[in-house]
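Spelled out, the chains give:
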Amino acid sequence: IADQVARFKSNLEMVADRFQKNGRIVMPKPQATFYAFFKVEGEENDLALVKRLIDEGNLSLAPGCAFGKCCEGWVRMCFAVSQEKMADALDRLEKVIKPL
């Protein structure tokens, strides 16, 4: 379990760093989970965005609207994967969500 927790923390730092460098992605840093809940400036329709991420980035993320009206416009991504998979997923995400 300690190895998993360490990996999740490392992946969270990687996600937070890449999102910050992107300049368009806003993410409150989660305290105790392995999901990133984020919003992309200029992308108001979360369902359309996740469909684009599937089509253009081969990524499957959850639209915020799946969690209720209060979460519309947000996207959820799990970071409980290997560091290699996380880095690859972030590379593909940035191909769709171009950095500023």
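Remember, predicted model here, so these are calculated numbers, not experimental data. (Residues numbered from 1 in each chain as written. Predicted model: local features only at pLDDT ≥ 70, side-chain atom pairs only at ≥ 80, totals over all residues. Heavy atoms only, no water.)

Draft legend 1. Structural detail: the packing of aromatic side chains. Following the criterion strictly, the structure yields five aromatic pairs and no others. Here the aromatic rings of Phe 37 and Phe 67 are separated by 5.9 Å at their centres, their planes lie at 75 degrees, and the arrangement is edge-to-face. A residue pair is termed long-range when its members are at least 10 positions apart, and Phe 37 in strand E2 (residues 35–40) and Phe 67 in the loop between strand E3 (62–63) and strand E4 (74–78) qualify at 30 residues. Its relative accessible area of 25% is what places Phe 37 among the partly exposed residues. Joined through ring pairs, the aromatic side chains of Phe 8, Phe 34 and Tyr 35 make up one cluster. For the cation-ring pair, Arg 76 lies above Tyr 35, with the distance from its terminal atom to the ring centre recorded as 3.8 Å. (Phe/Tyr/Trp six-rings, centres within 6.5 Å; stacked < 30°, edge-to-face > 60°. Helix = DSSP H or I, 4+ residues; strand = E, 2+ residues; numbered from the N terminus. Buried < 20%, exposed > 50% of the residue type's maximum accessible area, 1.4 Å probe, protein only. Lys NZ or Arg CZ within 6 Å of the ring centre and 35° of its normal.)

Draft legend 2. The arrangement of the state of the cysteines in detail. Considering all chains together, one arrives at zero disulfides under this definition. Lacking any disulfide linkage, Cys 71 is separated from the closest cysteine sulfur, that of Cys 70, by 3.5 Å. (Disulfide = S-S within 2.5 Å.)

Draft legend 3. Representation of the pattern of salt bridges within the structure. Applying the stated criterion to the full structure yields nine salt bridges. Asp 91 is the salt-bridge partner of Arg 18, the closest N and O atoms lying 2.6 Å from each other. Here the residue Arg 18 occupies a position in helix H1 (residues 2–22), and Asp 91 occupies one in helix H3 (residues 83–96), the gap between them amounting to 73 residues. Look at Asp 91 and you get partly exposed, because its relative accessible area is 38%. Among the salt bridges present, the one from Glu 56 reaches Arg 52, with a minimum N-O distance of 3.6 Å. (Salt bridge = Lys/Arg side-chain N within 4 Å of Asp/Glu carboxyl O.)

Draft legend 4. Layout of the environment of Pro 99. Tracing the sequence through the fold places Pro 99 in the segment after H3. When its relative accessible area of 42% is taken as the criterion, Pro 99 is described as partly exposed. Taking the C-alpha atoms as reference points, Pro 99 and Gly 23, 76 residues apart in sequence, are found 5.9 Å from one another. Once residues within four sequence positions are removed from consideration, Pro 99 is found in contact with Asn 22 and Glu 94. (Contact = heavy atoms within 4.5 Å.)

Draft legend 5. Local environment of the sheet that holds strand E1 (residues 25–26). Read across the open sheet, the four strands follow the order E1-E2-E4-E3; overall the sheet is antiparallel. Both outer strands of the open sheet, E1 and E3, are each paired with one neighbouring strand and no more. Relative to E2, E1 is paired through two bridges, and the arrangement is antiparallel. Pairing of Val 26 across the sheet is with Lys 39, part of E2. (Pairing = 2+ DSSP bridges.)

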